[in-house]
Amino acid sequence: ARVFDRGDHAEALRVWRPLAEAGDARAQNNIGYMAEHGRGLPQDHVEALKWYRLGAAQGFAAAQSNVGVMYEHGKGVAEDFAEAVKWYRLAAEQGNARARFNLGSMHERGRGVPRDEAEAARWYRLAADQGDAEARYNLANMLREGRGVALDFAAAVALYEQAIAQGHGAAANNLGVMKRDGIGVPIDEAGAATLFRLSAARGNPGGQSNLGDLFERGIGVERDEAEAAKWYRLAAGQGDAFAQTALGLLHQSGRGVTRDDVEAVMWFHLAAARNDARAQFNLGVAHADGLGVPKDEVEAVRWYRLSAEQGDASGQTNLGYMLEEGKGVAKDETEALKWYRLAATQNDAVAQNNIGCMYEEGRGVPMDHVEAARWYRLAIAQEDAVALANMGGLHLRGLGTPKDPVQALMYFELAVDRGNKATAEERDMVLKTMTPAQIEEARALAKAWKPK
């Protein structure tokens, strides 16, 4: 074994082949490994399986586990999960840690056996107790989420730390997420950044993506969008959909990278192919506005719908807008309202405002100014500038609220201060009708105002 580990595969083969041909089960397993991986022998899965079977027939646990692997992945034989489970179980019952891990995985995913997370956790625990890093990682995930076992954050942390000490990059990423978000541990943004760096350095795409996110937002590290783009690119190159979408957004805005709408769309497409709802939404925006692609409202609707059907609030809101306005799709205010309501339940302020507009104007629903005001208030709680202006309009006209020019001016001032410049003209018209005392009162209220 030491000869093989040093890379002298020819010498290992010279030693092991006579032993294997003489019936030594360990040597048979080793020859199988060489054939499976093309080390010292041409890669040949059928040949590998032949040698593994010889070792397995003698009850050698490692060979039994390897036969299971071949059946699970269809290497040298037709894929057969039930047969894989049979071989894993034979090896697991002899105490083989890798087989115990694999058997746990089959139970967790319902491959060859009914899905059973409690049974999966049992096998993972046995393998973890033998020091298997993957088993420690998977069991930690189950403990963190309370799947198949009682929720136990402290035990999850301990297992992640053990796996990290064994070089497990994904474990570092997951523990970093716990510290970043305060899941069962105090929030520790600097500690999260350290763990994401460790994970990223080990090539884990989740760690690379999360490290990029910290640099983009300046959480636990100094904000650095160029550094964010570097880490996103590494993760995106490994197929991480979050990173692909984030990198596309950086290119679309020119933050940390050269602005390039075509490049942005390319990354959105890669993420959308992985069913990433954010990417689908952003492809909708690109097609609606002609960013990096020809303007095409029908195509925009298609992407918004894909995003919306996955529950993305922005996709639901924009799909509602296209239906409300009849852009790229037949106008349907009832259907628009349905999508707005779905987004509003996720606290999307634009959707809440748009529902208010529909009630105010009686489009898709009976006109109801009190209900309009209720929806505007929900959006105003998030400081939505359009909803602030709309609420000002209700107070100005006394619709669904008491007629009150002071309140109207307060809301108009708040809307303008939050970027709704279109409201400035209406505000200025109201100012001409008010006394200095009313204006002073309204501005004092605006200065003291806080979202509820």
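Structure report, in brief.

The next subject is the side chain of Asp-276. Summarising the element assignment, Asp-276 is placed in the loop between helix H16 (261-272) and helix H17 (277-289). A polar side-chain atom of Asp-276 sits 3.2 Å from the main-chain amide nitrogen of Arg-278. Asp-276 has contacts with Ala-241, Phe-242, Thr-245, Ala-271 and Gln-310, leaving out every residue within four places of it along the chain.

It is worth spelling out the environment of Leu-283 at this point. Along the chain, the position of Leu-283 falls in helix H17. Sequence spacing of Leu-283 and Ala-272 is 11 residues, and the spatial spacing of their C-alpha atoms is 8.3 Å. Discounting chain neighbours no more than four positions away, the residues touching Leu-283 are Val-265, Phe-268, His-269, Ala-272 and Trp-303.

Turning our eyes to something else, we now look at H17. The terminal C-alpha atoms of H17 lie 18 Å apart, and with 13 residues this matches the ideal 18 Å at 1.5 Å per residue to within 8%. Of all 13 residues that make up H17, 11 are buried, and the element is covered over most of its length. When we look at burial in H17, the residues that qualify are Ala-277, Ala-279, Gln-280, Phe-281, Asn-282, Leu-283, Gly-284, Val-285, Ala-286, His-287 and Ala-288. The secondary structure elements touched by the buried residues of H17 are helix H15 (241-253), H16, helix H18 (297-309) and helix H19 (313-325). You can read the cap of H17 off the contacts: a side-chain oxygen lies 3.2 Å from the backbone nitrogen of Arg-278, and it is on Asp-276. Gly-290 occupies a position one or two residues after H17 and carries a positive phi of about 70°.

This next bit is on the packing of aromatic side chains. If you walk through the whole model with that rule in mind, you get 6 aromatic pairs. Geometrically, the ring pair formed by Phe-4 and Trp-16 is tilted, given 5.6 Å between the ring centres and 35° between the ring planes. Here the residue Phe-4 occupies a position in helix H1 (residues 2-5), and Trp-16 occupies one in helix H2 (residues 9-21), the gap between them amounting to 12 residues. Note on Phe-4: relative accessible area 11%, which makes it buried. We note Arg-302 situated over the ring of Trp-303; from NZ or CZ to the ring centre the distance is 4.5 Å. The side chain of Arg-374 reaches across the aromatic face of Trp-375, ending 4.8 Å from its centre.

Position of Glu-108 relative to the elements: it lies in helix H7 (residues 97-109). Distance in space between the C-alpha atoms of Glu-108 and Tyr-124 is 9.9 Å, their sequence separation being 16 residues. Each residue touching Glu-108, except ones within four places of it in the same chain, is listed here: Arg-115, Asp-116, Ala-120, Tyr-124, Asn-138, Met-142 and Arg-147.

What follows covers the packing of helix H13 (residues 205-217) against helix H14 (residues 225-237). Where H13 meets H14, the axes come as close as 8 Å, and the angle between the chain directions of the two elements is 165°. Considering their axes alone, H13 and H14 lie roughly antiparallel with respect to each other. For the crossing formed where H13 meets H14, the hand is left-handed. Residues Pro-205, Gln-208, Ser-209, Leu-211, Gly-212, Asp-213, Phe-215 and Glu-216 of H13 touch H14, and the partners they reach there are Glu-225, Glu-227, Ala-228, Trp-231, Tyr-232, Leu-234 and Ala-235. The residue makeup of the contact of H13 with H14, split by class, is 8 nonpolar, 3 polar and 4 charged.

This paragraph deals with the pattern of salt bridges. When the charged atoms of two side chains lie near each other, side chains of opposite charge can form a pair. In total, this model carries 32 salt bridges according to the counting rule given. We note a salt bridge from Lys-86 to Glu-83, for which the minimum N-O separation is 2.9 Å. Pair noted here: Lys-86 and Glu-83 are both in helix H6 (residues 81-92), with a separation of 3 residues, about one helical turn. A residue is classified by how much of its surface remains accessible, and Lys-86, at 39% relative accessible area, is partly exposed. A network of salt bridges, in which partner residues are shared, links Glu-108, Arg-115, Glu-117, Arg-144, Glu-145 and Arg-147.

Our focus in this paragraph is helix H25 (residues 423-431). Those residues of H25 that fall on the buried side of the exposure criterion are Thr-423, Ala-424, Arg-427, Val-430 and Leu-431. Down the axis, H25 shows its buried residues gathered within 120° of arc, on one side only. In this structure, H25 carries Glu-425 and Met-429 as exposed residues pointing more than 90 degrees from its buried face. On its buried side, H25 packs onto helix H23 (385-397), helix H24 (405-417) and helix H26 (436-448).

Cut-offs applied
Residues numbered from 1 in each chain as written. Predicted model: local features only at pLDDT ≥ 70, side-chain atom pairs only at ≥ 80, totals over all residues. Heavy atoms only, no water. Helix = DSSP H or I, 4+ residues; strand = E, 2+ residues; numbered from the N terminus. Polar contact = N/O pair within 3.5 Å; in protein donor to acceptor, adjacent residues only side chain to side chain. Contact = heavy atoms within 4.5 Å. Expected span 1.5 Å × (residues − 1). Buried < 20%, exposed > 50% of the residue type's maximum accessible area, 1.4 Å probe, protein only. Phe/Tyr/Trp six-rings, centres within 6.5 Å; stacked < 30°, edge-to-face > 60°. Lys NZ or Arg CZ within 6 Å of the ring centre and 35° of its normal. Axes fitted to C-alpha atoms, helices over the stretch in contact; angles between N-to-C directions. Parallel < 35°, antiparallel > 145°, perpendicular 65-115°, else oblique. Left-handed = near helix turned anticlockwise from the far one by under 90°. Nonpolar A, V, L, I, M, F, W, Y, C, P; charged D, E, K, R; others polar. Salt bridge = Lys/Arg side-chain N within 4 Å of Asp/Glu carboxyl O. Arc of directions from axis to C-beta.

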